[in-house]
Amino acid sequence: MNPQLTEIRKTASTREQIMEVLSGDNSLSAKEIHNSLHREYANDSSYQAIHKALIEMESEGILEKENSKYSISLNWIKESKKKLDDMEEKIINRHITDNRTRIINCHTYHDFGRTLLEIFADEVDKGIYRDCCSFHNHMWWIFTLQKDEYYWFKKLGATKCLMACKGNSRIDKFMAAAYQTIGHRVKLGIPFESACDIVVSDDRVYQIYFPEEIKSMVEKARGEVKNSIDAFTKDYPGEMYKEKGTIKIVIIHDRELADRFRKEIKGFFAEKETKEVAE
């Protein structure tokens, strides 16, 4: 064994050593744990001291005991993971506040859609998803919504988002109709040029950059897909689960930039000459 690693294991606390021993075995008796600590960690604690630590860890819910054998509690692991996840989120949010920018990478079209839905649904719950507008080069596909995703999708309808879209193909139209059913307002054929899709909510700007493989898939669908049934026949839902490069979601906290995009997108809805999807 690496001498440096051996020294680190020796200096770990008895409780830490117990956790490491049990992480490698399903369950062990107090005597087996004592022998392992003595053999593997050169821990010279008495059996009584080890047994006392085990009793304390069991009372704290860290360990479980069955048939005189101890194991790490799965519930404790889950609760610990949740606490660490919550801590990570707080640190990330603090980092966002300080640095104003966050980047999320998604590797499939479905992963991208689920990620955004989860973020936006969480913001709706917190009351910070408001005054929402978006620009799309093409309407986002929702062929593969799962049960929880569909719940999030419907929840977002309460925000009455204004969705402006440069595309005006058949697939754009029936995707737009789906968004309209939950309460969003959609306009197609918007003369807006952007290298990325944009969502604006409160003081946040979400910029979505699609890789060339995704863009090619969408362009191909424009010519092939005539209706929603056609999309399934040609297996576009299946394509959404395949890795096709990296979709980047860039989240920027900038009130001035958000207001600038919001004003421009809302301006399209004020123009009478712009055609509504329903027309």
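Below is a summary of the structure that appears in this document. (Residues numbered from 1 in each chain as written. Predicted model: local features only at pLDDT ≥ 70, side-chain atom pairs only at ≥ 80, totals over all residues. Heavy atoms only, no water.)

**Digging into the environment of Thr14**
Short version of the rule: Secondary structure elements are defined from DSSP: runs of H or I of at least 4 residues count as helices, runs of E of at least 2 residues count as strands, and each element is numbered from the N terminus. Each residue's exposure class comes from its accessible area (1.4 Å probe, protein chains only) as a fraction of the maximum for that residue type: buried when under 20%, exposed when over 50%, partly exposed otherwise. Whenever two N or O atoms come within 3.5 Å, that pair is a polar contact, provided that in protein one can donate a hydrogen and the other can accept it, and provided that, for residues adjacent in sequence, both atoms are side-chain atoms.
By secondary structure assignment, the location of Thr14 is in helix α2 (residues 14-23). By relative accessible area, Thr14 is classed as partly exposed at 23%. A distance of 3.3 Å separates the side chain of Thr14 from the side chain of Asn43, its partner in a polar contact.

**Topic: the packing of α2 against helix α3 (residues 30-41)**
What counts here: Axis angles are defined between N-to-C directions and span 0 to 180 degrees, where every axis is a line fitted to C-alpha atoms and, for a helix, only to the segment in contact. The scheme is simple: roughly parallel for angles under 35 degrees, roughly antiparallel for over 145, roughly perpendicular for 65 to 115, oblique for anything else. In this description, contact between two residues means that some pair of their heavy atoms is separated by no more than 4.5 Å.
At a minimum axis distance of 10 Å, the contact between α2 and α3 shows a crossing angle of 100 degrees. Classified by the interaxial angle, the pair formed by α2 and α3 is roughly perpendicular. Of the residues in α3, those touching α2 at Thr14, Gln17, Ile18, Glu20, Val21 and Leu22 are Ile33, Ser36, Leu37 and Tyr41.

**Topic: the nonpolar core**
Formally: We define a nonpolar core as any set of buried Ala, Val, Leu, Ile, Met, Phe, Trp, Tyr and Cys residues linked to one another through side-chain atoms lying within 4.5 Å.
Membership of the largest hydrophobic core comes to 46 residues, with the highest contact counts inside it found for Tyr109, Phe112, Met139, Trp140, Trp141, Phe143 and Ile208. Sorting the residues of this core by element identifies β4 (101-108), α6 (109-126), α7 (147-156), β6 (162-165), α8 (170-181), β9 (204-209), α9 (212-224) and β10 (243-253) as the ones contributing at least two each. Top contributing element to this core by residue count: α6, with seven residues. Judged by nonpolar contacts, the second largest core, of 17 residues, contains Met19, Leu28, Ala53 and Tyr70.

**Regarding the state of the cysteines**
Formally: For the purposes of this analysis, a disulfide is any pair of cysteine sulfur atoms at a distance within 2.5 Å.
Applying the stated criterion across every chain yields a total of zero disulfides. Left unpaired, Cys161 is separated from the closest cysteine sulfur, that of Cys132, by 5.5 Å.

**Side note on the pattern of salt bridges**
Inclusion rule: Salt bridge criterion: a side-chain nitrogen from Lys or Arg within 4 Å of a carboxyl oxygen from Asp or Glu.
Applying the stated rule across the entire model yields 16 salt bridges. Note that Glu56 is salt-bridged to Arg15, the shortest N-O span being 3.9 Å. On the criterion of sequence distance, the pair formed by Glu56 in helix α4 (residues 47-59) and Arg15 in helix α2 is long-range, its members being 41 residues apart. Look at Arg15 and you get partly exposed, because its relative accessible area is 30%. Of the charged contacts in the structure, one is a salt bridge between Arg204 and Asp203, with a shortest N-O distance of 3.3 Å.

**Some remarks on the packing of aromatic side chains**
Using the following cut-off: Ring geometry is summarised as follows: Phe, Tyr and Trp rings, the Trp one being its six-membered ring, pair when their centres sit within 6.5 Å, and such pairs are stacked at plane angles under 30 degrees, edge-to-face over 60 and tilted between the two.
A complete count under the given rule lists 10 aromatic pairs for this structure. Between the aromatic rings of Phe112 and Trp140, the centroid separation amounts to 5.2 Å while the plane-to-plane angle is 85 degrees, which identifies the pairing as edge-to-face. Placement of Phe112 in helix α6 and of Trp140 in the loop between β5 (133-136) and α7 is noted, with a sequence separation of 28 residues between them. An identical accessibility class is assigned to Phe112 and Trp140; each is buried. Aromatic rings pair up to connect Tyr109, Phe112, Trp140, Trp141 and Phe210 into one cluster.

**Looking at the environment of Arg262**
Here Arg262 lies in helix α12 (residues 255-270). With 63 residues separating them along the chain, Arg262 and Val199 place their C-alpha atoms 8.9 Å apart. Arg262 has contacts with Arg130, Asp131, Cys133, Val200, Ser201 and Asp202, leaving out every residue within four places of it along the chain. A polar side-chain atom of Arg262 sits 2.7 Å from a polar atom in the side chain of Asp259.

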